[in-house]
Amino acid sequence: MSVRTLPLLFLNLGGEMLYILDQRLRAQNIPGDKARKDEWTEVDRKRVLNDIIMTMFNRKFMEELFKPQELYSKKALRTIYDRLAHASIMRLNQASMDKLYDLMTMAFKYQVLLCPRPKDVLLVTFNHLDAIKGFIQDSPTILHQVDETFRQLTEVYGAISAGEFQLIRQTLLLFFQDLHIRVSIFLKDRVQNSNGRFVLPVSGPVPWGTEVPGLIRIRKPSDHPCLETVPRCHTLYFRMFNSKGEEVKKIEFKHGGNYVTAHKEGSFELYGDRVLKLGTNMYSVSRPVETHMSGASKNLASRTQESIAPNPLAKEELNFLARLMGGMEIKKPSGPEPGFRLNLFTTDEEEEHAALSRPEELSYEVINIQATQDQQQNEELARIMGELQITEQPRQSTTKGDDLLAMMDEL
Amino acid sequence: MVAADSEGPKDPGIRMFRRERSIPLQGSAAALCNNLSVLQLPARNLTLFGVVHGPSAQVLSAAPDGVPLAQRQLHVKEGAGVSAPHITQVHWCVLPFRVLLVLTSHRGIQMYESDGSIMVYWHALDSGDAPSGTWSGRVLVFDIPAKGPNIVLSEELAGHQTPITDIATEPAQGQDGVADMVTADDSGSLCVWRSGPEFTLLTRIPGFGVPCSSVQLWQGIVAAGYGNGQVHLYEATTGTLNIQINAHARAICALNLAPEVGKLLSAAEDTFVHIWKLSRSPQNGCIEVEHCHSECVSDTQVCGAQFCDPSGSSFAVTGYDLTEILRFGSV
């Protein structure tokens, strides 16, 4: 499958994560002067988003991300978002983190599926980046980092063919295969059915570069006289002669959909009208987002495939994580301030209940680091993984030597 | 789901097909092109189906009424590599003396006896290829004996610069033991070949920047399905484009032929399956096409579709994330 998929997957999922966190933080917003010590304020919200975005777009991290590589498992990717979500003063319990990841993945799955052209996934990515720039308007340094990523995306994806984009699309869909978590905002908007499947409309504009279905063009060289066949009553045709004297006949047929021509192509420039709405922020304070766990995925066979992955696979994933997260610079919290806990559910009781009632087949297990053979490597990776524990204070990761070998030398 | 034919009051077409019993799958179908292979065995009153799930593919047999009988899961041969390899296609090759089941992946080509019970041959693709270079555009030709595992790579055809997406063949007209072959690639280019002691390139049909995902060959007519939803019909001998159909609103994922009657099936990510009738004008031999039927598979990104009998009176469909094979039969 495509080795150019990871940056798109990561950036779009990250974008959705920021939309959701922003919405939740706004929903729990308390005016600064009235807030108690443990309540969220506007200042806190901006700080959390700043910290996460700064970590996401860290240059070294982006460098690792953009290297051509196969997609790793959902487990590995989830681990990165765990760390990212904890890049600031915010803390999330397991249940809230699970819900966050469910929403992120279902949202991007929807966007990929509904993309008119495979190449439009790039426009979706740009929509996310445009919105991210909106979150950090006041921070020129981070803005510059995001623009730099824009440039990198254009450089890498501007040159690839339609065929490669099709492969990227297939790789993304493979990653999202069999995920059918029902999201209330999707159900309400009727973009998702009650069985968890997305609605695929058969109307609206066709993709840019595609013609509206329903026409058959017949070309005949002018020295080949053709007798018209007897028309069926639902067929209409007319003749046209082009400049070469080639006779061209047109026949219409009933397609079944209700499509119209696309009126404009989305812009792939740094600034521009993307035209496509997929990837823009669909959340707002007044629309709380719930997920329904029941009846999500009845097919367990495909899920058990991932958990019996052989050890060598887990080792490669750990190397990947170490490389990627080694590039993440987590800020050390100054002073004795405790982590602020964010709840993605309406009440603490709901969150607790969600944790207890989550179906077995939907649990995101943390990667088992005992899988590695190398004791030294194991200790180093255990240290990094240990930083994911919610109860511990996050420590500042080393800035010198980001690759695994350099880290091992320091032990 | 009832086809869109029923929506138009002026459409005189009677419903041609209806949904029949679905066949359950162990794993959902992956979003690959040409992701359904069908082997018709009328003598044994059986139909075999092959679908790729991802790291595994499922091969199953069913009775004429769709009742599943036996099934088997196949995987990619183990080897060195970073991530679990995915199967890219499962396909039955019907040869004069035997039928082989072929499984392809980035690792290589695996050939089995037709029921998938025994692997008879394994051809590894160069692991030295850089990730982007694995799909080199080479067409590999194997000599297959009537029996046994003595399969030999006999030729490598160079005609494409981008990955091959599909291959179609038919016996060459009026020539015994000779076949014509069409190969298609990611850039939309097509090559028409003739077999012999060696394969010869007859015609090259240039692409237009859009992948050609599926290709069929019937009575010297090349039918090609593209990523922009169009079906093109070319004269195989000259490579001339004769007919251009705006068939679908999304990328075409599969084409299939019912050779006895010249019916062509096209399926795409726009949830539609269309059936066409190909013919040649008796007066001048010009290629002609007629639209016969459209079927909307609601909310399903179709990834594979095949006729289940040579007269095209029944067909089967697979869709991304769908854990069943949908079947349609004539009324």
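Residues numbered from 1 in each chain as written. Chains lettered and ligands numbered in written order. Predicted model: local features only at pLDDT ≥ 70, side-chain atom pairs only at ≥ 80, totals over all residues. Heavy atoms only, no water.

Student: Describe the interface of chain B and chain A, with residues and values.
Tutor: The interface is formed by 62 residues belonging to chain B together with 62 residues belonging to chain A. Considering only the side of chain B, the residues that lose the most area to chain A are Asn246, Asp299 and Tyr320 of chain B, jointly responsible for 13% of the buried surface there. At the boundary of chain B and chain A, one finds two salt bridges. The shortest N-O distance in the salt bridge between glutamate 269 of chain B and arginine 169 of chain A comes to 3.2 Å. Along the contact surface separating chain B from chain A lie 25 residue pairs in polar contact (both at pLDDT 80 or more). Contributions of two or more residues to the side of chain B that touches chain A are made by strand 19 (241–246), strand 22 (272–280) and strand 23 (287–296) of chain B. In this sheet, strand 19 of chain B lies alongside strand 4 (residues 215–220) of chain A in antiparallel orientation, the contact comprising four bridges. Looking at strand 19 of chain B, one finds that isoleucine 218 of chain A is bridged to isoleucine 243 of chain B. (Contact = heavy atoms within 4.5 Å. Buried area = accessible area lost by both parts, 1.4 Å probe. Salt bridge = Lys/Arg side-chain N within 4 Å of Asp/Glu carboxyl O. Polar contact = N/O pair within 3.5 Å; in protein donor to acceptor, adjacent residues only side chain to side chain. Helix = DSSP H or I, 4+ residues; strand = E, 2+ residues; numbered from the N terminus. Pairing = 2+ DSSP bridges.)

Student: Could you give me a rundown of the sheet that holds strand 8 (residues 108–113) of chain B, with the residues and numbers involved?
Tutor: Residues and elements named next belong to chain B. In space, the four strands of this open sheet follow the order 6-7-8-9, with antiparallel pairing throughout. The sheet terminates laterally at strand 6 (87–94) and strand 9 (119–124), the two strands that pair on one side only. Going from strand to strand, the sheet's axes swing by 15 degrees on average, the running direction of each strand aside. Bridge analysis of strand 6 against strand 7 (residues 99–105) gives seven bridges, and the strand direction is antiparallel. Residue pairing in the sheet places histidine 91 in a bridge with valine 102 of strand 7. (Axes fitted to C-alpha atoms, helices over the stretch in contact; angles between N-to-C directions.)

Student: A description of the nonpolar core should follow, citing residues and the corresponding values.
Tutor: Core analysis: the largest hydrophobic core is formed by 90 residues, its most contacted members being Phe10, Tyr81 and Tyr157 of chain A. Among the nonpolar cores identified, the runner-up in size contains 21 residues, and Phe253 of chain A together with Trp218, Leu233 and Leu264 of chain B belong to it. (Core = buried A, V, L, I, M, F, W, Y, C linked by side-chain atoms within 4.5 Å. Buried < 20%, exposed > 50% of the residue type's maximum accessible area, 1.4 Å probe, protein only.)

Student: Pulling in residues and values, what's your account of the pairing of strand 4 (residues 56–62) of chain B?
Tutor: Residue and element names in this part refer to chain B. Judged by how many residues are buried, strand 4 sits mostly within the fold: seven of seven residues are covered. Burial along strand 4 is two-sided: the face carrying Ser56, Gln58, Leu60 and Ala62 and the face carrying Ala57, Val59 and Ser61 are both buried. Of the pairings in the sheet, the one linking strand 3 (residues 46–52) to strand 4 comprises six bridges and is antiparallel in character. Each residue of the ladder has a partner; that of valine 52, found in strand 4, is alanine 57. Note: strand 4 against strand 5 (residues 68–75), seven bridges, orientation antiparallel. Residue pairing in the sheet places valine 59 in a bridge with arginine 72 of strand 5.

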